[in-house]
Amino acid sequence: MFRALVCAAAICGLTIELATTGAPLELLSRFTFQANVLVAGVFGWSSFRSWTGRGPAAPHLTGGVLLVAVIVGLTYHLILTDNSFGYSAAGTPAVPHTGARAVSQVLLHTALPVAVTLDWLLLTPARTLRLRFLAQWLLWAVAYLAFVLARGTLLAPDAAPRYPYPFLNVDTYGYSEVLAHAFALSLLLVVLASLLIALDHVRPRLRDRTGARR
C-alpha cells in the first residue's frame, strides 16, 4: 500500500507539471522529471509484486531509484532553492511557485525523496546493494548527459531553454568546461552511491516475516 501511494504521488506530481508548464519536451529533459518517472515505474512494479505475493524488485532497480531520489532532494534543497538574497543558485531572480505548481514542487523535490528513503530504511531488505551496481547507475548518468548535449545541439540556436541546467550550457561554458562539470558531478555521484551502499550494509536487518506469514 505504501509503495502504491508513492507511485500515485509521483504520477500526480508529474501530471501537474505537465499540465501547468505546457512544455512536455522541456520537462522530459530535466533530471527531476526523469528521476520521478523512474520512481513511479519502479514503485508501481514493486507494489504489484508485493500485491501478488512475489519477492521484492531487483536491488539494482530499487537502489538506483533511491540514488536518484536522494540526488533530487539534495540538489533542490542545497543548490537550487532560493536563498536569502532573493536569487536562486543559478543566478536567476527567485520566483516562488503557487497553487498546483507549488504542490508538484513539494511532491517531486521533498515528499518523494523522503518517501523513497523511508521505503529503503523500513521496507527494503538490508545488505542487498553491491558495488557492481555502480557501473549501471553511472551508465544512466552518462546516457542522460549525452541526451542533454545532443538535444541542445539539435535545437535551434534561438530555442529557449536549450539546456536544462546552467552548468550544462555549452553556449556559456563550451564543451570542455561542461564535460569538466559533468566529471565532477559523476565523482560526487560515485561518492554518494558508495555511501548508500556502505550504509545499506551496516543498517539493522529488519525481521523477515515472510516465512511466518506463509
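See the structure above.
Only a predicted model underlies this, so the values are computations on that prediction, with no experimental measurement involved.

**Q** I tried to follow the pattern of salt bridges on my own but got confused; where do I start?
**A** Two side chains that carry opposite charge are able to pair once their charged atoms sit near each other. As enumerated under the stated definition, the model contains five salt bridges in all. In this structure, E17 engages R101 in a salt bridge whose closest nitrogen and oxygen atoms are separated by 2.7 Å. Of this pair, E17 sits in helix α1 (residues 2-21) while R101 sits in helix α5 (residues 99-122); the two residues are 84 residues apart in sequence, bridging distant segments of the chain.

**Q** How should I be thinking about the nonpolar core in this particular structure?
**A** Judged by nonpolar contacts, the single largest core of 44 residues is most densely connected at F31, V39, F43, L67, V116 and W137. Non-local contacts of V116, meaning those with residues more than four positions away in its chain, are made with V39, F43, V65, L66 and A69.

**Q** Just to check I follow, could you spell out α1 for this structure?
**A** Counting along an α-helix, one turn takes 3.6 residues, and residues three or four places apart therefore face a common direction. With 20 residues, α1 extends 29 Å from end C-alpha to end C-alpha; this agrees with the ideal 28 Å at 1.5 Å per step. When α1 is considered as a whole, its buried residues turn out to be R3, V6, C7, A10, G13, L14, I16 and E17. Those residues of α1 that are buried are in contact with α2 (24-28), α3 (31-51) and α5. In the segment just after α1, G22 is the residue with positive phi, at about 65 degrees.

**Q** Would you explain helix α7 (residues 170-202) in this entry?
**A** Its 33 residues give α7 an end-to-end C-alpha distance of only 41 Å, which falls more than 12% under 48 Å, the value for a rise of 1.5 Å per residue. Along α7, the residues classified as buried are V170, V178, A182, L189, L192, A193, L196, I197 and D200. The N-cap residue of α7 is N169: its side-chain oxygen and the backbone nitrogen of D171 are 2.9 Å apart.

**Q** How should I be thinking about the side chain of T124 in this particular structure?
**A** Within the secondary structure layout, T124 lies in the loop between α5 and α6 (133-154). In terms of polar contacts, T124 uses its side chain to reach the backbone carbonyl oxygen of D119, at 3.0 Å.

**Q** Could you clarify how one ought to interpret the packing of α6 against α7 in this entry?
**A** To describe two helices that pack against each other, one gives the angle between their axes and the distance between the axes. At their nearest, the axes of α6 and α7 sit 10 Å apart, and the two run at 160 degrees to each other. Considering their axes alone, α6 and α7 lie roughly antiparallel with respect to each other. Judged by the twist between their axes, the crossing of α6 over α7 is right-handed. Taking contact as the criterion, the partners of L134, W137, L138, A141, L145, L149 and T153 in α6 are, on α7, V170, Y175, V178, L179, A182, S186, L189, V190, A193, S194 and I197. When the residues that make up the contact of α6 with α7 are grouped by side-chain class, the tally is 15 nonpolar, three polar and no charged.

**Q** Looking at this structure, I do not really get the packing of aromatic side chains. What am I missing?
**A** What characterises a pair of aromatic rings is the spacing of the ring centres plus the angle enclosed by the ring planes. Taken as a whole, this structure holds six aromatic pairs when the rule is applied. Centre to centre, the rings of F31 and W140 are 5.3 Å apart; their planes meet at 55 degrees, and the pair counts as tilted. In this pair, F31 is assigned in helix α3 and W140 in helix α6, connecting sequence segments 109 residues apart. Residue W140 is classed as partly exposed on the basis of its relative accessible area, which comes to 25%. With a centroid separation of 5.7 Å and 10 degrees between ring planes, the pair formed by Y165 and F167 is classed as stacked.

**Q** What is the right way to look at the environment of T110 in this model?
**A** Mapped onto the fold, T110 is located in helix α5. For the pair formed by T110 and G73, sequence separation is 37 residues and the distance between their alpha carbons is 5.9 Å. Here T110 is in contact with H77 and Q105, once residues within four sequence places are set aside.

**Q** Explain the packing of helix α4 (residues 59-80) against α6 here, please?
**A** Between α4 and α6, the least distance of the axes is 10 Å, while the angle of their chain directions is 50 degrees. Of the possible angle classes, the one that applies to α4 and α6 is oblique. The hand of the α4/α6 crossing is right-handed. On α6, the residues touching P59, H60, G63, G64, L67 and V68 of α4 are F133, Q136, W137 and W140. Considered class by class, the residues forming the contact of α4 with α6 number six nonpolar, four polar and no charged.

Calculation rules
- Residues numbered from 1 in each chain as written.
- Predicted model: local features only at pLDDT ≥ 70, side-chain atom pairs only at ≥ 80, totals over all residues.
- Heavy atoms only, no water.
- Salt bridge = Lys/Arg side-chain N within 4 Å of Asp/Glu carboxyl O.
- Helix = DSSP H or I, 4+ residues; strand = E, 2+ residues; numbered from the N terminus.
- Core = buried A, V, L, I, M, F, W, Y, C linked by side-chain atoms within 4.5 Å.
- Buried < 20%, exposed > 50% of the residue type's maximum accessible area, 1.4 Å probe, protein only.
- Contact = heavy atoms within 4.5 Å.
- Expected span 1.5 Å × (residues − 1).
- Polar contact = N/O pair within 3.5 Å; in protein donor to acceptor, adjacent residues only side chain to side chain.
- Axes fitted to C-alpha atoms, helices over the stretch in contact; angles between N-to-C directions.
- Parallel < 35°, antiparallel > 145°, perpendicular 65-115°, else oblique.
- Left-handed = near helix turned anticlockwise from the far one by under 90°.
- Nonpolar A, V, L, I, M, F, W, Y, C, P; charged D, E, K, R; others polar.
- Phe/Tyr/Trp six-rings, centres within 6.5 Å; stacked < 30°, edge-to-face > 60°.

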